[in-house]
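Residue strings, one per chain:
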Amino acid sequence: MIELKTLEIEAFRFIDISLFLPRWTCRMIVSTKAVLVDESWDLDALEEKKIPVFQVYKPGKTGLLDGKITAMTSTAARAGIYIGMSGKEALLKVMYEKTEKG
């Protein structure tokens, strides 16, 4: 089963995607400018997309937004994302920067 939800954080809208598989759930929160994923996504495969992608390992009850970033693509690192940031903080940083730059 796939669940899609609209998520609004400050002035920005995202799509919260949950893919329910028999043994686990894959989650991601996406926009046109950034992607926040859980540990089930392969960052090496996402590296070639040239969009900031950052990962929260085992977000559990805190969720992707409150969880701490544990890994990221090089595009995310160049955007100023760092290990230990919250998922929400990382998303907003990219969104505000991309909005200011155009």
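For the structure, check the block above.
Residues numbered from 1 in each chain as written. Predicted model: local features only at pLDDT ≥ 70, side-chain atom pairs only at ≥ 80, totals over all residues. Heavy atoms only, no water.

### Details of the overall build of the protein
Secondary structure summary: the protein contains 4 helices and 6 strands in total. Taking the principal axes of the C-alpha coordinates as reference, the protein spans close to 40 × 25 × 25 Å. With 102 residues in all, the protein has 41% of them scored as buried. Surface exposure of the protein reaches about 6200 Å², of which carbon and sulfur atoms provide 56%. Counting 15 positive and 14 negative side-chain charges, the protein places the averaged centre of each group 1 Å from the other. (Helix = DSSP H or I, 4+ residues; strand = E, 2+ residues; numbered from the N terminus. Buried < 20%, exposed > 50% of the residue type's maximum accessible area, 1.4 Å probe, protein only. Areas by Shrake-Rupley, 256 points an atom, 1.4 Å probe, with all protein chains shown as cover. Lys, Arg positive; Asp, Glu negative; His and termini not counted. Charge placed at Lys NZ, Arg CZ, Asp CG, Glu CD.)

### Remarks on the nonpolar core
Membership of the largest hydrophobic core comes to 20 residues, with the highest contact counts inside it found for Phe 14, Leu 36, Phe 54, Ile 69, Ile 81 and Leu 91. Elements that contribute at least two residues to this core include exactly strand 2 (12-20), strand 5 (53-56), strand 6 (69-72) and helix 4 (87-101). Top contributing element to this core by residue count: helix 4, with 5 residues. Excluding its chain neighbours within four sequence positions, the residues that come into contact with Leu 91 are Phe 14, Ile 29, Ala 34, Leu 36, Phe 54 and Leu 65. Core analysis: the next-biggest nonpolar cluster, separate from the first, contains 8 residues, Val 30, Val 35, Leu 43 and Ile 51 among them. (Core = buried A, V, L, I, M, F, W, Y, C linked by side-chain atoms within 4.5 Å. Contact = heavy atoms within 4.5 Å.)

### A few points about the pairing of strand 3 (residues 25-30)
Each regular strand displays side chains that alternate between the two surfaces of the sheet. Across 6 bridges, strand 2 lies against strand 3 in antiparallel orientation. By the bridge assignment for strand 3, Ser 18 is matched with Arg 27. Connecting strand 2 to the antiparallel partner strand 3 that follows it, the hairpin turn spans 4 residues. Here strand 3 runs beside strand 4 (residues 35-37); their pairing, made up of 3 bridges, is antiparallel. Bridging across to strand 4, Ile 29 finds its partner in Leu 36. Linking two consecutive strands that pair antiparallel, namely strand 3 and strand 4, is a turn of 4 residues. (Pairing = 2+ DSSP bridges.)

### Digging into the environment of Ile 81
Considering the arrangement of structural elements, one finds Ile 81 in the loop between helix 3 (74-78) and helix 4. Taking the C-alpha atoms as reference, Ile 81 lies 8.0 Å from Phe 54; in sequence the two are 27 residues apart. Beyond its immediate sequence surroundings of up to four residues, Ile 81 is in contact with Phe 54, Ile 69, Met 72, Ala 76, Ala 90, Lys 93 and Val 94.

### Remarks on unusual backbone geometry
Positive phi, close to 55°, is recorded for Glu 10, a residue that is not glycine. Turning to its location among the elements, Glu 10 is positioned in the loop between strand 1 (2-9) and strand 2. In this structure, Lys 50 is a non-glycine residue whose phi angle is positive, near 60°. Its place among the elements puts Lys 50 in the loop between helix 1 (43-47) and strand 5. Judged by relative accessible area, Lys 50 falls into the exposed class, the value being 61%.

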